[in-house]
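Each chain is listed here by its residues.
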Amino acid sequence: MEGTERGSGTSSSVVADWGLVFWTLCSVILPVVITLWCSFQRSRRQVLIRGIFRKSKHDWHYTDLFGQPSYCCVCAQHILQGAFCNCCGLRVSEGCLKKADQLFLCKEIMMRGDGGARSSMPHHWIRGNVPLCSCCMICKQQCGTQPKLCDYRCVWCQYTVHDECMMDCLKTEECTFGEFRDLIIPPYYLSTINQMRKDKRTNYEKVAPYCRKHWMPVIVLANTRSGNNMGETLLGEFKILLNPVQVFDLSKIAPAKALQLCTLLPCNAVRVLVCGGDGTVGWVLDAIDEMKIKGQERYIPQVAILPLGTGNDLSNTLGWGAGYAGEVPVEQILRNVMEADGIKLDRWKIQVTNKGYYNLRKPKVWFASINTDSMEYLFHAHREKTPSLFSSRIINKAVYFFYGTKDCLVQECKDLNKKVELELDGERIELPNLEGIIVLNIGYWGGGCRLWEGMGDEPYPLARHDDGLLEVVGVHGSFHCAQIQVKLANPVRLGQAHTVRLILKSSKMPMQVDGEPWAQGPCTVTITHKTHALMLYHSGEQTDDEASSMSEQDQVREQTDEDV
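All figures in this text were calculated on a predicted structure; none of them were measured in a lab.

To continue, consider the overall build of the protein. When helices and strands are counted, the protein shows 13 helices and 24 strands. Looking at the protein residue by residue over its 564 residues, the buried ones come to 47%. Residue pairs in contact within the protein that sit at least 24 positions apart in sequence constitute 68% of those at least 6 positions apart.

Confidence along the protein averages 82 in pLDDT terms, with 80% of residues attaining 70 or more. Low pLDDT, under 50, characterises residues 542-564; the predicted model gives this stretch 16 contacts beyond four residues in sequence or across chains.

What follows covers a positive patch on the surface. A grouping of Arg50, Arg54, Lys55 and Lys98 is seen on the molecular surface, where their side chains present a positively charged patch. Here the positive patch takes 3 residues from helix α1 (residues 2-55), the largest share from any one element. Structurally, Lys98 can be placed in helix α2 (residues 97-103). Judged by relative accessible area, which is 56%, Lys98 ranks as exposed.

Turning to its location among the elements, Lys107 is positioned in the loop between α2 and β6 (125-127). Within the buried set, Lys107 has no salt-bridge partner at all; the shortest N-O distance to an opposite charge, 11 Å, is to Asp59. A polar contact is formed between the side chain of Lys107 and the backbone oxygen of Ile240, at a distance of 2.6 Å. Of note is the side chain of Lys107, whose polar atom sits 2.7 Å from the backbone oxygen of Leu242. Once residues lying within four places of it in the same chain are set aside, the contact partners of Lys107 are Cys87, Cys88, His124, Val155, Trp156, Lys239, Ile240, Leu241, Leu242 and Pro244.

All right, on to the nonpolar core then. Residues Tyr189, Phe238, Leu273 and Met535 are the most contacted members of the largest nonpolar core, which totals 102 residues. Counting residues per element, this core draws most heavily on helix α7 (residues 278-293), which supplies 6 residues. Each residue touching Met535, except ones within four places of it in the same chain, is listed here: Val281, Leu285, Val303, Ile305, Leu314, Leu318, Asp341, Gly342, Ile343 and Leu345. In terms of nonpolar packing, the next biggest core, distinct from the first, is built from 27 residues, Trp348, Leu434, Leu470 and Trp518 among them.

Attention shifts here to the sheet that holds strand β8 (residues 160-161). Taken together, the 3 strands give an open sheet; going across it, the order is β6-β7-β8, and neighbouring strands pair in antiparallel fashion. Looking along the sheet, the strands with just one partner apiece sit at the ends: β6 and β8. Where strand β7 (residues 152-154) meets β8, 2 bridges bridge the pair, whose relative direction is antiparallel. When the bridges of β8 are listed, Tyr152 appears paired with Val161.

The next subject is the environment of Ile527. Within the element layout of this structure, Ile527 appears in strand β24 (residues 523-537). We classify Ile527 as buried; its relative accessible area is 0%. Between the alpha carbons of Ile527 and Val352 there is a distance of 9.0 Å; along the sequence they are 175 residues apart.

Next up on the list: the packing of aromatic side chains. Using the criterion set out here, one finds 4 aromatic pairs in the structure. Pairing Tyr189 with Trp215 gives two aromatic rings, centres 5.1 Å apart and planes at 70°, and the pair type is edge-to-face. Note that Tyr189 is positioned in helix α4 (residues 187-198) and Trp215 in the loop between α4 and β9 (218-222), a separation of 26 residues in sequence. Trp215 shares its class with Tyr189; the two are buried. Between the NZ or CZ atom of Lys107 and the centre of the ring of Trp156, over which it lies, the distance is 4.7 Å.

Taken N-terminus to C-terminus, the directions of helix α5 (residues 231-241) and helix α9 (residues 330-339) make an angle of 70°; their axes are 10 Å apart at the nearest point. One way to sum up the angle between α5 and α9 is to call them roughly perpendicular. The element α5 and its partner α9 pack so that their crossing is right-handed. On α9, the residues that touch Leu234, Glu237, Phe238 and Leu241 of α5 are Val330, Glu331, Ile333 and Leu334. Each residue belonging to the contact of α5 with α9 can be placed in one class, and the counts come to 6 nonpolar, no polar and 2 charged.

The next point concerns the sheet that holds strand β1 (residues 60-63). Ordered in space as β1-β4-β5, the 3 strands form an open sheet in which the pairing is antiparallel. Of all strands in the sheet, those bounded by a partner on one side alone are β1 and β5 (91-92). Where β1 meets strand β4 (residues 82-85), 4 bridges bridge the pair, whose relative direction is antiparallel. What sits directly across from Thr63, in β4, is Gly82.

With that out of the way, let us pick up the layout of surface pockets. Approximately 1,200 Å³ is the volume found for the second largest pocket. If you go around the second largest pocket, you meet 45 residues; those closest to its centre are Pro131, Glu237, Ile240, Leu241 and Glu331. Among the elements of the structure, β4, α5 and α9 are those that each provide at least two residues to the lining of the second largest pocket. Residue contributions to the lining of the second largest pocket peak at 7 residues, all from α5. Among the residues making up the lining of the second largest pocket, the classes are represented as 24 nonpolar, 13 polar and 8 charged.

Calculation rules
Residues numbered from 1 in each chain as written. Predicted model: local features only at pLDDT ≥ 70, side-chain atom pairs only at ≥ 80, totals over all residues. Heavy atoms only, no water. Helix = DSSP H or I, 4+ residues; strand = E, 2+ residues; numbered from the N terminus. Buried < 20%, exposed > 50% of the residue type's maximum accessible area, 1.4 Å probe, protein only. Contact = heavy atoms within 4.5 Å. pLDDT = per-residue confidence, 0-100. Patch = residues over 30% accessible without salt bridge, like charges linked within 9 Å, V, L, I, M, F, W, Y side chains within 5 Å. Areas by Shrake-Rupley, 256 points an atom, 1.4 Å probe, with all protein chains shown as cover. Salt bridge = Lys/Arg side-chain N within 4 Å of Asp/Glu carboxyl O. Lys, Arg positive; Asp, Glu negative; His and termini not counted. Charge placed at Lys NZ, Arg CZ, Asp CG, Glu CD. Polar contact = N/O pair within 3.5 Å; in protein donor to acceptor, adjacent residues only side chain to side chain. Core = buried A, V, L, I, M, F, W, Y, C linked by side-chain atoms within 4.5 Å. Pairing = 2+ DSSP bridges. Phe/Tyr/Trp six-rings, centres within 6.5 Å; stacked < 30°, edge-to-face > 60°. Lys NZ or Arg CZ within 6 Å of the ring centre and 35° of its normal. Axes fitted to C-alpha atoms, helices over the stretch in contact; angles between N-to-C directions. Parallel < 35°, antiparallel > 145°, perpendicular 65-115°, else oblique. Left-handed = near helix turned anticlockwise from the far one by under 90°. Nonpolar A, V, L, I, M, F, W, Y, C, P; charged D, E, K, R; others polar. 1 Å grid on protein atoms, 1.4 Å probe; cavity = no way out; pocket = protein on both sides within 12 Å on 5 of 7 lines; lining within 4 Å. Points joined across faces, edges and corners; volume = space filled by probe spheres on them.

Rendered as structure tokens:
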């Protein structure tokens, strides 16, 4: 009996152990299987969605969470995730994508028609998901207040109408293109121009709105890789407000190709908004110079800047700010572009020769600054090696701070006066003991430092970006630059000149032109005036530093006039 009980007890304990093992394996394996199954289904769903996106006429973008309460335009159900069109603003659930393609037309960049010239088009209404705080164009009351798919919005003029205020006449009424009519390229204009080109006619002046006095179409060029990665979001917002044909992603199309649109638009009327850093602006200005070479001077546009880079010194100089992080609505940006004043910006040519060999580097046209400094070169090398780490303006500036601190301790460019000779308009300049030489064409340098002014407590010649003169300064190191930044020190002002020549005697020295650094061997660098660029200046609210700087410059100008 005792043996039987002992055997049964042993078998029951073995069963219990096996049961424990089984349930332990289930608790481990089951979540893994479920996770793998969900991943497989998600990847399969993404493949299907990408296939729908590729075949669709809408510019769909998928999101896991909408930024505001949203309702599917097909089934009218409340949705947290789904797809929205970057051009017309349509929002649908994942399951309604195919139906949305069949039921709704997207914004048309060109009118479908019988080939005849047209000068107007009706509203293009889309129901639901109207912007917050929008008002009805009929009763002037707020739209979109009900928790359901309601009210209408025109994708061109952005006017909104209540369901109960929508009348048959509004569906066929002529669209005025709203507040930004002077910036939008109408679809009927492009269709007419296209027909005229087929007929080999070029008298575009007779096509509306070409002949309208205040029409100043804008072309948006956005670099989605600049600074804080806001370019992709801005592309969608600009496509909503403008004709999508006016908005270009510079990671997919080169500026030279995008700017050919200017040749279909009024002469000397086009405005270009560059969304990116100083390097992107230089890229666009180079493309504009190519237009001059092709004999397209009369189509040259004026350039405005939306600063998305790290330094943004040119943008700061022209009144567009030190950096954009979404704090200003896109509508206000377009208003600023309309109101901006045209100015000229000096463009300079840099040529590098090496012991009789002409043009060691390809001649480069630049607009902002040249400096001999190791900090920019080290930052650029690190960013080229690991670009994924440099996706934020804050991170970029933190890395700058790190290399600046390192430069203070190591002093790789000390005794620069023994390695470089400087000539200004053919006159040799005796250099003091420096760590950096900076050649300036604009007021700001190094991410907001007014380098030429310094503390502003000494008389100095006025610096302008359109006077054909370069400002040449020296610095004693990164710590000296930081002191100038907070107005605790003055730069070593070496002079102003129309032509600057630098003779580099050292084996390898870091150089930087408009944010493009490289290591340069012994050579002669010659800088001469090349041309002017047509820019747009935004005369918005000035900061305290800018206001005080302007007053100091006015005082210097008055003192100079008195001396004369």
